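# Working through the structure, step by step
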Amino acid sequence: MQHCPFDGLVVVELGARIGVSACGSLFAAAGATVIVVEPENLAAIGKFKFRASSLAGKESVVVRVGNAEDEELLRQLLEAADVVIRSSDFGPDFAAGIVLGSDTVDCDILAFPTPEPAGTLFDDKLIQAQSGIAAVTGTADGGPTISEAAILDLGAGVYAAAAITAALRMRRLHGGGQKVASTLYGTGVNGMVTFLPFFFDGKIPPRGGNRHPMAAPWNAYQASDGWILLCSANDDQWRRLCSVMGRPELAEEGDLVKLAGRVKNVDATDAIVQSWVGTKTVKEAVETLGRVDIAAGPIVAVDELAEEPNVNFRGMVRRLRDPETGLEVAVANSPFPRGRVPSAIPLRNSGRELVHKLEKRPSATRGSHKQAMPLKGLRVLEIGQYTTAPLAAKQMATLGADVIKIEPLTGESSRAWPPHLNGESYFFTMNNANKRSLAIDLRTPNDRALLTKLIGTSDILVENLKPGSLARLGFSFEEIQKINSRLVYCAISGYGADSAYPGRPAFDTVIQAMSGLMDLTRSNGIPTKLGISIADTLGGMMGLFCILAMLEERDRTGTGSFIDLAMQDVGVWATHTAWDPNARSPHAIVGCNDGHLAVLCPPENVFTELAKADIDPGSVTREQAAMALLARGIPAASIRAVDEVGRLESRTGGMIRMVDCGRSCWPLIELPFNLSRMPHYDLKPIGSLGEANRELAGNAP
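Everything in this summary refers to the structure shown in the same document. Small disclaimer: the values here were computed from a predicted structure and weren't measured.

### Some thoughts on the overall build of the protein chain
Counting secondary structure elements, the protein chain contains 25 helices and 27 strands. Relative to the 2.2 N^0.38 estimate, which gives 27 Å for 701 residues, the radius of gyration of the protein chain is 25 Å and therefore close to what a compact globule would have. Along the first, second and third principal axes, the C-alpha set of the protein chain runs to 80 × 65 × 55 Å. Here the protein chain holds 701 residues, and the buried ones make up 61% of them. By element, 50% of the accessible surface of the protein chain is carried by carbon and sulfur atoms, the whole surface being about 25800 Å².

See the structure below:
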């Protein structure tokens, strides 16, 4: 059997949230023995609405509350556990009142950083509303839109897995367990990094449908036989696109030459692209654009994912027999590329004998619980742009690593993304906190020699270049291993280095289209991308977990590894809780006198429920309508606009920390998770382009 980072680790799943299941599944893929505690009566709540998918690759025990034998079994299980994952604000908390061992990592996955009133079950859709995501999803002339994909529950589970891994590292190095928490709301606010800059610039961004607020052309375009997504993020890509469209003059003169001009004149830009795409089939357009490295792809429905060539190539959809029903069901493979494939779904309560065989964890001998930074002393090299690799590296920097961001001499492309503060991009600064910039040209021998030297002294390399780009410069994984055999190298790409689409470029929106996410996010019935760059964001989050997990493997074996992480894999995994339409929670969006309200009930019933609560939504506020519905046991929450989220989180000591740097005061987003032994951490903006050149390269930029 394949050796994995967490072989021998015992993880107990207590919570009912989807995020708990997601976190446990990542640990199961990474080799841990994951035991799920199930209630006696399997209520249709959270992860148990799709039990087969949630428990694939794990073990099951049933605990009956008040039953002495079962409670003793639970006590034995928790005494053997290295990690406990719960969701104390959602469903039964079997470990309530039980004192865990001093070396146990105890993780709680919650809706909000501060507890909500008891009995208020805020699930993924309501947090999409509260965090501003619903407000920026949908068309400009339509209303807010909520995705059927459990993006925040799953995202909070990924962040929880990363935080737990950081805590396990601290336990290994210093002794002692700790409490960890990850929140859906914090995950959502972190994902709003492309929209929050507009609030701080005094603007409110409109919903853009399948457009991007900072780049154009970036939209869905209708070919002769279907729809494609096309993404162009910089002036060089625009020049190449104009060339294949037979309109090179558009990239040489006029209002559309520069990115800012295309964003300002987005309707005209889209009309030009549509006139060309409309003459092609989907296949012709995608292949033509691929030849000039323009990211494009078709929209794929979730029930067609298993047939999508790259999804099939990478084995992301599996068929397993459900022992509870005897039927074969589809389950998602783990996007952790170095992990184990789920091979079976457990029968309920079939893991009791396994629990009896587990050994009680020894009492802590060192038991330190002092403040510590998990990644202190580690060096990370980031060769990244936009979101995926920069996000993973930013979170590692906040956890204490020394992150060197390697940029071209002209700087990373998103430095130019508007809006700006004192000439510096809000998005770039917010997405690259706590790093140091090194500006070099890897096409020159001297700078390649510098990269060789840096690789030799680093622990981690993360990049999101087009697959093979570093190899063509002489830095394949095989060559890197010769330089530093202990380096953990994570390459994040749209379809993976080992792919059915070798060399094809990808952007977030194309991955949303090709992973089923757009199929699950419909505005007036039309497949629509989530407003936030969710495929990019999930890719960066998953990269963080994969790197930390393989770092544990490296420290145990002394050998580094190559992580081939595909955003499409992560996107497909992010849709799996909605593969069965019967497991989706119905929801409605209602207009009130101060905005919109999200309600968890069938759309056809919502006005009946409002009438029973004696509420006319058009004459009351969102908060008044929500409270009336909550009193009737119907979950509801305000759909907050970007400016509401920005004000709330930056002015109340919430998820946005205002960092005064003298000339500028930057809004930097807090970690979406916390570790009890890391109560304080620095947040500071990245410095000027090439600020680290003098120290690392011996020259000024």
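Now that the structure has been shown, we can carry on.
### Focus: unusual backbone geometry
The peptide bond linking A216 to P217 adopts the cis configuration, its omega dihedral lying at 0 degrees. Here P217 lies in the loop between α7 (196-200) and β7 (218-223). The peptide bond linking P418 to P419 adopts the cis configuration, its omega dihedral lying at 0 degrees. Looking at the element boundaries, P419 is found in the loop between β13 (402-407) and β14 (420-421). Notably, D293 is not glycine yet its phi reads approximately 60 degrees, a positive angle. By secondary structure assignment, the location of D293 is in the loop between α11 (282-291) and β9 (295-298). In this structure, N349 takes a positive phi of about 70 degrees despite not being glycine.

### A look at the pairing of β7
Burial of β7 is extensive: five of the six residues sit out of reach of the surface. Between β7 and strand β8 (residues 226-231), which pair antiparallel in sequence order, lie two residues.

### A word on the pattern of salt bridges
Across all of its chains, the model carries 53 salt bridges by this definition. The partner of R361 in a salt bridge is D82, with the nearest N and O atoms 2.5 Å apart. Taken together, the residues R361 in the loop between α13 (352-357) and β12 (379-383) and D82 in the loop between α3 (68-80) and β4 (83-86) connect sequence positions 279 residues apart. For D82, a relative accessible area of 7% gives the class buried. Here D459 makes a salt bridge to R554, at a shortest N to O gap of 3.2 Å. Of this pair, D459 sits in the loop between α16 (445-456) and β17 (460-463) while R554 is found in helix α20 (residues 534-557), placing the two residues 95 residues apart along the sequence. Accessibility expressed as a relative area gives 14% for D459, which makes it buried. Overall, the relative accessible area of 2% leaves R554 in the buried class.

### Things to note about empty space enclosed by the protein
Rolled over the atoms, a probe sized like a water molecule indicates the empty space that remains. On inspection of all chains with the given rule, the structure shows three cavities of 30 Å³ or more. Quantified by volume, the largest cavity comes out at close to 60 Å³. Put simply, the second largest cavity is a space of about 40 Å³. K394, Q395, T398, M430, A433, L668, I669, E670, L671 and L683 are the residues that line the second largest cavity. Of all elements in the fold, only α14 (388-398) and β26 (665-669) reach the threshold of two or more residues within the lining of the second largest cavity. Here the lining of the second largest cavity takes three residues from α14, the largest share from any one element.

### Some details on the packing of α14 against α20
It is the contact of α14 with α20, at a shortest axis distance of 7 Å, that shows an interaxial angle of 45 degrees. Between α14 and α20, the interaxial angle falls into the category oblique. Crossing geometry of α14 relative to α20 is assigned as right-handed. Mapping the contact onto sequence places T388, L391, A392, Q395 and M396 in α14 and D536, T537, G539, G540, M541, G543, L544 and I547 in α20. Taken together, the residues of the contact of α14 with α20 sort by class into six nonpolar, six polar and one charged.

### Considering the pairing of β8
Working note: regular strand, side chains alternate between the two faces of the sheet. As paired strands, β7 and β8 are joined by six bridges and run antiparallel to one another. Paired with Y221 across the two strands is I228, which belongs to β8.

How each quantity is defined
- Residues numbered from 1 in each chain as written.
- Predicted model: local features only at pLDDT ≥ 70, side-chain atom pairs only at ≥ 80, totals over all residues.
- Heavy atoms only, no water.
- Helix = DSSP H or I, 4+ residues; strand = E, 2+ residues; numbered from the N terminus.
- Rg over C-alpha atoms; globule rule 2.2 N^0.38 Å.
- Buried < 20%, exposed > 50% of the residue type's maximum accessible area, 1.4 Å probe, protein only.
- Areas by Shrake-Rupley, 256 points an atom, 1.4 Å probe, with all protein chains shown as cover.
- Pairing = 2+ DSSP bridges.
- Salt bridge = Lys/Arg side-chain N within 4 Å of Asp/Glu carboxyl O.
- 1 Å grid on protein atoms, 1.4 Å probe; cavity = no way out; pocket = protein on both sides within 12 Å on 5 of 7 lines; lining within 4 Å.
- Points joined across faces, edges and corners; volume = space filled by probe spheres on them.
- Axes fitted to C-alpha atoms, helices over the stretch in contact; angles between N-to-C directions.
- Parallel < 35°, antiparallel > 145°, perpendicular 65-115°, else oblique.
- Left-handed = near helix turned anticlockwise from the far one by under 90°.
- Contact = heavy atoms within 4.5 Å.
- Nonpolar A, V, L, I, M, F, W, Y, C, P; charged D, E, K, R; others polar.

Shape descriptors only; they carry no functional weight alone.
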